[in-house]
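# A closer look at the structure
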Amino acid sequence: MLAAFARLVSGDFKEISRKKQRPQMVTIPFSHYVEFARWSLLYARVQFDEHPFTPGDHILPTLSVRLADKQKAAKGSDGDEKENLTLVPLVVLPEGEVLNDSWTIAQRLSGMGGIDPELKEFLNQQWGPQTRAFAYSFLLKKGNSQTWKDLITSVGGWWLQIKFFLFYDSILRNHFRSVRPDDPEALKELIAKMKASVSTLDSYFDKAGGKKYLGDGKGSDQPGIADFALAALTAPCVNPPKFCGGMYSDFFDGMIKKDPEYSASIKEFRETRTGKFCLDMYEQHR
Ligand SMILES: N[C@@H](CCC(=O)N[C@@H](CS)C(=O)NCC(=O)O)C(=O)O
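Criteria and thresholds
Residues numbered from 1 in each chain as written. Predicted model: local features only at pLDDT ≥ 70, side-chain atom pairs only at ≥ 80, totals over all residues. Heavy atoms only, no water. Helix = DSSP H or I, 4+ residues; strand = E, 2+ residues; numbered from the N terminus. Buried < 20%, exposed > 50% of the residue type's maximum accessible area, 1.4 Å probe, protein only. Contact = heavy atoms within 4.5 Å. Domains from an automatic or database assignment. Buried area = accessible area lost by both parts, 1.4 Å probe. Salt bridge = Lys/Arg side-chain N within 4 Å of Asp/Glu carboxyl O. Polar contact = N/O pair within 3.5 Å; in protein donor to acceptor, adjacent residues only side chain to side chain. Pairing = 2+ DSSP bridges. Phe/Tyr/Trp six-rings, centres within 6.5 Å; stacked < 30°, edge-to-face > 60°. Lys NZ or Arg CZ within 6 Å of the ring centre and 35° of its normal.

Per an unreviewed UniProt entry, the protein chain goes by GST N-terminal domain-containing protein and derives from Guillardia theta.

## Concerning the overall build of the protein chain
Secondary structure assignment for the protein chain yields 13 helices and four strands. By the burial criterion, 52% of the 286 residues in the protein chain qualify as buried. Considering only contacts in the protein chain between residues 6 or more positions apart, those separated by 24 or more positions represent 73%.

## Remarks on the domain arrangement of the protein chain
You can read the domains of the protein chain as domain 1 (2-110) and domain 2 (117-285). Taking the mean C-alpha position of each, domain 1 and domain 2 sit 22 Å from one another. Contact residues are listed per partner, giving 24 residues for domain 1 and 34 residues for domain 2. Considering only the surface of domain 1 that becomes buried against domain 2, Phe 30, His 32 and Trp 39 emerge as the three largest contributors, covering 31% of it. Viewed at the interface, domain 2 and domain 1 are joined by one salt bridge. Inspection of the region where domain 1 meets domain 2 yields ten residue pairs in polar contact (both at pLDDT 80 or more). Among the secondary structure elements, those contributing two or more residues to the side of domain 1 that touches domain 2 are α3 (32-43) and α5 (102-110).

## Some thoughts on the sheet that holds strand β2 (residues 49-52)
Two strands in a sheet stick together by hydrogen bonds in their backbones, pointing the same way (parallel) or opposite ways (antiparallel). With mixed pairing, four strands are arranged side by side in an open sheet as β2-β1-β3-β4. Edge positions in the sheet fall to β2 and β4 (98-99), since each of these pairs with one other strand and no more. Looking at chain direction, strand β1 (residues 24-27) and β2 are connected through four bridges and run parallel. Looking at the pairing, Met 25 lines up with Glu 50 of β2.

## Let's talk about the pattern of salt bridges
All chains considered together, the criterion is met by 19 salt bridges. A salt bridge links Lys 141 to Glu 261; its shortest N-O distance comes to 2.7 Å. Taken together, the residues span a long stretch of sequence, with Lys 141 in the loop between α6 (117-139) and α7 (145-153) and Glu 261 in helix α12 (residues 260-270) at a distance of 120 residues. Under the relative-accessibility criterion, Glu 261 is labelled partly exposed at 37%.

## Topic: the packing of aromatic side chains
Inspection of the entire model under this criterion finds 15 aromatic pairs. Measuring from centroid to centroid gives 4.9 Å for Phe 205 and Phe 277, while their planes differ by 50 degrees, and the two rings are tilted. Pair noted here: Phe 205 is in helix α9 (residues 184-206) and Phe 277 is in helix α13 (residues 273-285), with a separation of 72 residues, a long-range link. Accessibility assignment for this pair places Phe 205 and Phe 277 in one class, buried. Aromatic ring contacts, followed pair by pair, group Trp 39, Tyr 43, Phe 228, Phe 243 and Tyr 282 into a single cluster. One Lys or Arg, Lys 163, reaches over the ring of Tyr 168 and ends 4.9 Å from the middle of that ring. Here the basic side chain of Lys 207 rests over the ring of Tyr 204, its NZ or CZ set 3.8 Å away from the ring centre.

## Focus: the environment of Tyr 248
Secondary-structure assignment places Tyr 248 in the loop between α10 (225-234) and α11 (249-258). Distance in space between the C-alpha atoms of Tyr 248 and Asp 150 is 9.5 Å, their sequence separation being 98 residues. Excluding its chain neighbours within four sequence positions, the residues that come into contact with Tyr 248 are Pro 29, Phe 30, Leu 151 and Ser 154.

Below, the structure is given as structure tokens:
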């Protein structure tokens, strides 16, 4: 019943995929996990269509696909994902199969091979959530409310502008309250954790045996899944101009100009080995 309602309101992605004979990707377009999956497919020249939603509006479309598919377990490729029916990205293949997370999408469709499970676990469970919290810590600061509004409302038309003003902004802020924007102690704590994570990530370049790329995590002459994942999940704290193909660079560049604390943190992460690698990956391959 809920699945049918959701499908009616948000579109039947299985049917669209079958008709178009092309993978259909449901996204929150500025999510760094989405960016990892999207970039991997673009790099591998895999054709697909994207259906972008704002946070909150993504719930019905993701539920409609997963509930209808009875994939209530909604597990990732290695079965390490907790049940979560609303995560993006997800992809519906023309034969009706649903790929439930960025790793499965990137690995299955790009043909780039696998990734060292330890590195994947670290990127997926620690680094990705930390850099997301970093981005929201700044976006939700009172002083950055214009950037926040511009970013969110860029996903939709005039109705989203009105909705944002009426109730959406307060719902989203409440949803992200655990981020504690405007709390300098919380930000300090987060940045300390991120610096420890960067040391762990930097050490993977030593394990790459002098190769330019990580490949599957152990070194390669060609970029692989580990490189796209590392670069995309690092992007929120480095702000490479071509993140999401440059769609949001004006917003984030604007925040760099307006918020000295954000700009100092970005500068600091850009100078790390991981940060430099991220900038370089974007420069060379996005
Ligand atoms: N491990 C997942 C993580 C995806 C994820 O955390 N997505 C976030 C956006 S960055 C999301 O969908 N949040 C909304 C929700 O949980 O409903 C993946 O690799 O796809």
